[in-house]
Amino acid sequence: MAPGPAGRTPVFERRPTGGGAAGRSAAKVVALTFDADMTADQGPRAASGERFDNPELVALLRRLKVPSTVFMTGRWAEEYPSQAKAIGTDPLFEIANHSYSHYAFSSPCYGLPVVGKAAMAREVERAFTAFREAGARNVVPYFRFPGGCYDDTALRALAPANVTAVQWDVVSGDAFATDADAVAEQVLDGVRPGSLVVMHCTRSAAPATEAAVRRIVPELRERGYRFVKVSELMEDDRP
């Protein structure tokens, strides 16, 4: 997407059906996106055995042949470089940027530490560097603000990074959830044509996600939905 007004980072989100894009937003497509979160200060927790990855979820997406976009932090890619490479070289997936540290770009934001304005573009660049060093190739110039929190200052500060910020319209509720059916029902109730669903790819913080996806995918396919990556959803939404 082109830069927004006054050099701000553009923001992509689901368009209302029936408007713009000559009705193409009404197509029964949905993008499942997964945040691979790990903050810069969680290294000791990973060293002690906490798992911030979810290879079983990735394997399930492969078995079900679900194209997906993984919004990955640079710190996650450093902790799990072989997995970052495997995801980032599989044509089923694309890796997008979720910052390096998973610190907030505006405050308040769920208690996250805050990135200073001068460091915001570097956070994005550092994450892209981590993806390259891990060997990921299917990397797209999209960015998801940690917690989805941003303001005008952040949009201006990120403009030099040349990314498009990607929001969502369906919150899965999988963060720290233990009831997979509740997560699945929230997604199934919220999805509309062109929806962007936010989920997580971290076992410790989202232990029910894999089980929820086992239900979500076949039920949406039965309703006639097709799964796409964010890049395809964005392409379909162009006028």
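Remember, predicted model here, so these are calculated numbers, not experimental data.

A. The overall build of the protein, seen in detail. Scanning the protein from N- to C-terminus turns up nine helices and nine strands. Over its C-alpha trace the protein gives a radius of gyration of 17 Å, about what one expects of a compact globule, namely 18 Å for 239 residues. Expressed as a percentage of the 239 residues in the protein, the buried residues total 54%. Across the protein, every contact between residues at least 6 apart in sequence was considered, and the portion connecting residues at least 24 apart equals 79%. Within the structure as shown, the protein displays about 10200 Å² of accessible surface, and the carbon and sulfur contribution to it stands at 52%. The averaged location of the 29 negative side-chain charges in the protein is 4 Å from the averaged location of its 28 positive side-chain charges.

B. Quick peek at the nonpolar core. In this structure, Met72 and Trp76 are the most contacted members of the largest nonpolar core, which totals 62 residues. With seven residues, the top contributor of residues to this core is helix H5 (residues 120-134). Setting aside chain neighbours within four positions, we find Met72 in contact with Ala36, Ala77, Ala84, Ile87, Ile95, Ala96, Asn97, His98, Ser99 and Phe131. One finds Val29, Val140, Tyr142 and Val228 within the second-largest nonpolar core, a separate group that totals 13 residues.

C. Just the packing of aromatic side chains, in detail. Counted under the stated rule, the structure contains six aromatic pairs. When the centroid spacing of 5.6 Å and the interplanar angle of 75 degrees are considered together, the rings of Phe105 and Phe145 count as edge-to-face. Of this pair, Phe105 sits in the loop between strand E4 (93-97) and H5 while Phe145 is found in the loop between strand E5 (139-143) and helix H6 (152-157), placing the two residues 40 residues apart along the sequence. Each member of the pair, Phe105 together with Phe145, is buried. Feature note: the residues Phe105, Phe143, Phe145 and Tyr150 constitute an aromatic cluster, connected by ring pairs. Lying across the ring of Tyr100, Arg126 places its NZ or CZ 3.7 Å from the centre. The ring of Phe71 carries the charged tip of Arg144 above its face, separated from the ring centre by 4.0 Å.

D. Highlighting the packing of helix H2 (residues 55-64) against helix H8 (residues 209-222). Between H2 and H8, the least distance of the axes is 9 Å, while the angle of their chain directions is 20 degrees. As judged from the angle between their axes, H2 and H8 are roughly parallel. Here H2 and H8 pass one another in a crossing that is right-handed. Contacts between H2 and H8 pair Glu56, Leu57, Leu60, Leu61, Arg63 and Leu64 from the former with Thr209, Glu210, Val213, Arg214, Val217 and Arg221 from the latter. Residue classes in the contact of H2 with H8 are distributed as six nonpolar, one polar and five charged.

E. Expanded view of the environment of Leu155. Locating Leu155 in the fold gives a position in helix H6. On the basis of relative accessibility, which here comes to 9%, the residue Leu155 falls in the buried class. C-alpha of Leu155 to C-alpha of Val230: the two residues are 75 residues apart in sequence and 20 Å apart in space.

Calculation criteria
Residues numbered from 1 in each chain as written. Predicted model: local features only at pLDDT ≥ 70, side-chain atom pairs only at ≥ 80, totals over all residues. Heavy atoms only, no water. Helix = DSSP H or I, 4+ residues; strand = E, 2+ residues; numbered from the N terminus. Rg over C-alpha atoms; globule rule 2.2 N^0.38 Å. Buried < 20%, exposed > 50% of the residue type's maximum accessible area, 1.4 Å probe, protein only. Contact = heavy atoms within 4.5 Å. Areas by Shrake-Rupley, 256 points an atom, 1.4 Å probe, with all protein chains shown as cover. Lys, Arg positive; Asp, Glu negative; His and termini not counted. Charge placed at Lys NZ, Arg CZ, Asp CG, Glu CD. Core = buried A, V, L, I, M, F, W, Y, C linked by side-chain atoms within 4.5 Å. Phe/Tyr/Trp six-rings, centres within 6.5 Å; stacked < 30°, edge-to-face > 60°. Lys NZ or Arg CZ within 6 Å of the ring centre and 35° of its normal. Axes fitted to C-alpha atoms, helices over the stretch in contact; angles between N-to-C directions. Parallel < 35°, antiparallel > 145°, perpendicular 65-115°, else oblique. Left-handed = near helix turned anticlockwise from the far one by under 90°. Nonpolar A, V, L, I, M, F, W, Y, C, P; charged D, E, K, R; others polar.

The values reported here are purely geometric and, on their own, carry no functional implication.
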